[in-house]
Amino acid sequence: MSSTESINLLGLDIAALTDLVGQWGGKPFRAKQLQRWVHQHGVDSFDQMTDLAREFRQQLTEHCSIHAPDVSIEQRSTDGTRKWLFDVGKNNAVEAVFIPEDDRGTLCISSQAGCTVACPFCSTGYQGFNRNLTTAEIIAQLWYAKRAIQADIQSSRIGEGALAAPEPARVISNVVMMGMGEPLLNYDQVLGALRLMLDDNAYGLSRRRVTVSTSGVVPMMDRLGRDCPVALAVSLHAPNDALRDRLVPLNRKYPLAELLAACNRYLEFAPRDFITFEYIMLDGVNDSDEHARELITIAKQVRCKFNLIPFNPFPQSGLKRSPATRVRLFAQRLMDAGLVTTVRKTRGDDIAAACGQLAGDVKDRTRINERLPDRAIIAIKQERG
Ligand code: SAH
Ligand code: SF4
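This text gives an overview of the structure that appears in the document. In this text the structure is predicted, and so the values were computed from the model without any measurement.

About the criteria used
- Residues numbered from 1 in each chain as written.
- Chains lettered and ligands numbered in written order.
- Predicted model: local features only at pLDDT ≥ 70, side-chain atom pairs only at ≥ 80, totals over all residues.
- Heavy atoms only, no water.
- Near = heavy atom within 4 Å.
- Nonpolar A, V, L, I, M, F, W, Y, C, P; charged D, E, K, R; others polar.
- Salt bridge = Lys/Arg side-chain N within 4 Å of Asp/Glu carboxyl O.
- Helix = DSSP H or I, 4+ residues; strand = E, 2+ residues; numbered from the N terminus.
- Polar contact = N/O pair within 3.5 Å; in protein donor to acceptor, adjacent residues only side chain to side chain.
- Contact = heavy atoms within 4.5 Å.
- Expected span 1.5 Å × (residues − 1).
- Buried < 20%, exposed > 50% of the residue type's maximum accessible area, 1.4 Å probe, protein only.
- Arc of directions from axis to C-beta.
- Axes fitted to C-alpha atoms, helices over the stretch in contact; angles between N-to-C directions.
- Parallel < 35°, antiparallel > 145°, perpendicular 65-115°, else oblique.
- Phe/Tyr/Trp six-rings, centres within 6.5 Å; stacked < 30°, edge-to-face > 60°.
- Pairing = 2+ DSSP bridges.

1. A closer look at the site of ligand 2
So, step 1. The environment of ligand 2 is made up of Cys115, Val117, Ala118, Cys119, Phe121, Cys122, Gly125, Gly181 and Ser215.
So, step 2. Split by residue class, the shell around ligand 2 holds 6 nonpolar, 3 polar and no charged.

2. Regarding the pattern of salt bridges
So, step 1. Applying the stated rule across the entire model yields 14 salt bridges.
So, step 2. Between Glu290 and Arg293 there is a salt bridge, and its shortest N-O distance comes to 3.1 Å. Separated by 3 residues within a single helix, Glu290 and Arg293 lie in helix α10 (residues 289-299), roughly one turn from each other.
So, step 3. When salt bridges that share partners are traced, they join Glu74, Arg76, Arg82 and Asp152 into one network.

3. Things to note about the side chain of His291
So, step 1. Within the fold, His291 resides in helix α10.
So, step 2. At 3.4 Å, the side chain of His291 and the backbone nitrogen of Asp287 are in polar contact.
So, step 3. Dropping the residues within four chain positions of it, His291 is found in contact with Pro239, Leu243, Tyr279, Val285, Asn286 and Phe330.

4. With respect to the site of ligand 1
So, step 1. In the vicinity of ligand 1 there are 20 residues, among which Phe121, Ser213, Ser235, His237 and Asn312 approach most closely.
So, step 2. One of the side-chain N or O atoms of Ser213 is found 2.6 Å from an oxygen atom in ligand 1.
So, step 3. Within the backbone of Asn312, a nitrogen or oxygen atom sits 2.9 Å from a nitrogen atom of ligand 1.
So, step 4. Sorting the residues of the shell around ligand 1 by element identifies β10 (210-214), β12 (275-281) and β13 (304-310) as the ones contributing at least two each.
So, step 5. Residue composition of the shell around ligand 1, grouped by class: 9 nonpolar, 9 polar and 2 charged.

5. Here's the deal with helix α11 (residues 324-336)
So, step 1. Here α11 contains 13 residues, and its C-alpha end-to-end distance of 18 Å stays within 8% of the 18 Å for a straight helix at 1.5 Å per residue.
So, step 2. Buried within α11 we find Arg326, Val327, Phe330, Ala331 and Leu334. End-on view of α11: buried residues confined to an arc of 135°, all on one side of the axis. The exposed set on the far side of α11, more than 90 degrees from its buried face, consists of Ala324, Thr325, Arg328 and Asp336.

6. As for α10
So, step 1. Buried residues of α10: His291, Ala292, Leu295, Ile296, Ile298 and Ala299, and no others. Down the axis, α10 shows its buried residues gathered within 160° of arc, on one side only.
So, step 2. Tucked into the core, α10 has its buried residues touching α8 (241-247), α9 (256-267), β12, β13 and α11.

7. Some points on the packing of helix α7 (residues 218-227) against α9
So, step 1. Packing of α7 against α9 leaves a shortest axis separation of 9 Å and a crossing angle of 0°. Here α7 is positioned roughly parallel relative to α9, judged by the angle of their axes. Judged by residue contacts, Val218, Met221, Asp222, Leu224 and Gly225 of α7 engage Glu258, Leu259, Ala262, Cys263, Arg265 and Tyr266 from α9.
So, step 2. When its residues are assigned to classes, the contact of α7 with α9 shows 7 nonpolar, 1 polar and 3 charged.

8. Digging into the packing of aromatic side chains
So, step 1. Per the counting criterion, the structure on display carries 5 aromatic pairs.
So, step 2. Taking 6.1 Å as the distance between ring centres and 65° as the angle between the ring planes, the aromatic pair formed by Tyr126 and Phe314 counts as edge-to-face. Pair noted here: Tyr126 is in helix α4 (residues 123-127) and Phe314 is in the loop between β13 and α11, with a separation of 188 residues, a long-range link. Taken individually, Tyr126 and Phe314 each receive the classification buried, so the pair is uniform in this respect.
So, step 3. Between the aromatic rings of Phe277 and Phe306, the centroid separation amounts to 5.7 Å while the plane-to-plane angle is 50°, which identifies the pairing as tilted. Placement of Phe277 in strand β12 and of Phe306 in strand β13 is noted, with a sequence separation of 29 residues between them.
So, step 4. Residue Phe306 is classed as buried on the basis of its relative accessible area of 2%.

9. Focus on the sheet that holds strand β11 (residues 231-235)
So, step 1. The sheet built from 10 strands is open, its strands ordered β3-β4-β5-β6-β9-β10-β11-β12-β13-β14 with mixed pairing. Since the sheet does not close on itself, it has two edges, and those belong to β3 (70-76) and β14 (341-343), each with one partner. Strand-to-strand twist in this sheet, taken as the mean axis angle between neighbours without regard to direction, amounts to 20°.
So, step 2. Sheet topology note: the strand β6 (residues 105-108)/strand β9 (residues 174-177) ladder contains 3 bridges and is parallel. In the strand pairing of β9, Thr106 is matched with Asn174.
So, step 3. Lying on the sheet, α9 is in contact with β11 and β12; it crosses β12 at an angle near 145°.

10. Some details on unusual backbone geometry
So, step 1. At Ala118, a residue that is not glycine, the phi angle is positive and equals roughly 60°.
So, step 2. Along the chain, Ala118 turns up in the loop between β7 (112-114) and α4.
So, step 3. Non-glycine residue His237 carries a positive phi angle of around 65°.
So, step 4. Relative to the assigned elements, His237 resides in the loop between β11 and α8.
So, step 5. Take His237: its relative accessible area is 5%, and that puts it in the buried class.

Nothing here speaks to function; it is all geometry.
Below, the structure is given as structure tokens:
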């Protein structure tokens, strides 16, 4: 087997790894050992796996590899946010962002190079779509970021001369699939990655600490509920079909009534007893008191919390962020109706790591950016005018 055909172990779940090891006569526990070396210790060389027999390590070296895509850019924000740009080949790049907070460290990862949904407020959607990421490429973002963060902790410990446990914000405690792409339009590969995130011999995250964000791919929400019910965030962004058809074009296929019914079905399996509705605040588009009233009616149909996201502008969008006073008032309207509402803090602004600014280069195969967003923006402007 040549090196180009070698199997990247990052993409194998426990079943696939057990099969592989079994082909060489290895017992299932060898697969678990291997998993711990790869994902918990983050090693990339089989020589470091000291408790594996020499012949087994030779087999692995011959047939397998452990590698993330090349990182072409790495940036740090003044607020501690870190961003990595992964080169996934043929001029496509995807991004992962680590956001440290007092009580948690959240890694935001990508699922596709580009996105076909083409929401006009999203720079990923604007770029069009190239391809789905593989399980290995999705999990590689977590594997790589974890190594980078651990290396940081180690170097700062040398400086401090102390061996205190890392603070919560300095480990990856949460993963959100809110980077580039629509995770539920790359279902099988995302499912493989989610299973590794939850596996005790890999990343051991609880289902509450892994969140899939979706623009509303109804049939796949049902499958996720059955296969791997992690926390779910739904990108709502509009309180009626007419507006949502423009802001989230997938709404034309799965309109609000179907989406809300799917949310309720998901809640039967979900690790939390609510769905998070994400709602981007666009000046003069979806942020009026009337929109808040409509939203309150919708929210009565599903147990939910709201996360208001101030729009992060990018040059081609032609859209503006709602003023801070409007965001506060809108939040107040929802809270007055008894809805739990938070406003997302914008992080990593100085390195364009905020939501919707993730725009690793994508070679658009669909030429979507020549079609949909402009039309959608014009439609929104007409509505506003
Ligand atoms: N495709 C999925 C997940 C990736 S987008 C989805 O749409 O849910 C993750 C979140 O970032 C979504 O809520 C999306 O609406 C939001 N987002 C996209 N563009 C944004 C922008 N320019 N400013 C702020 N948030 C944005
Ligand atoms: Fe795709 Fe999500 Fe961006 Fe919409 S917001 S274009 S679904 S990545």
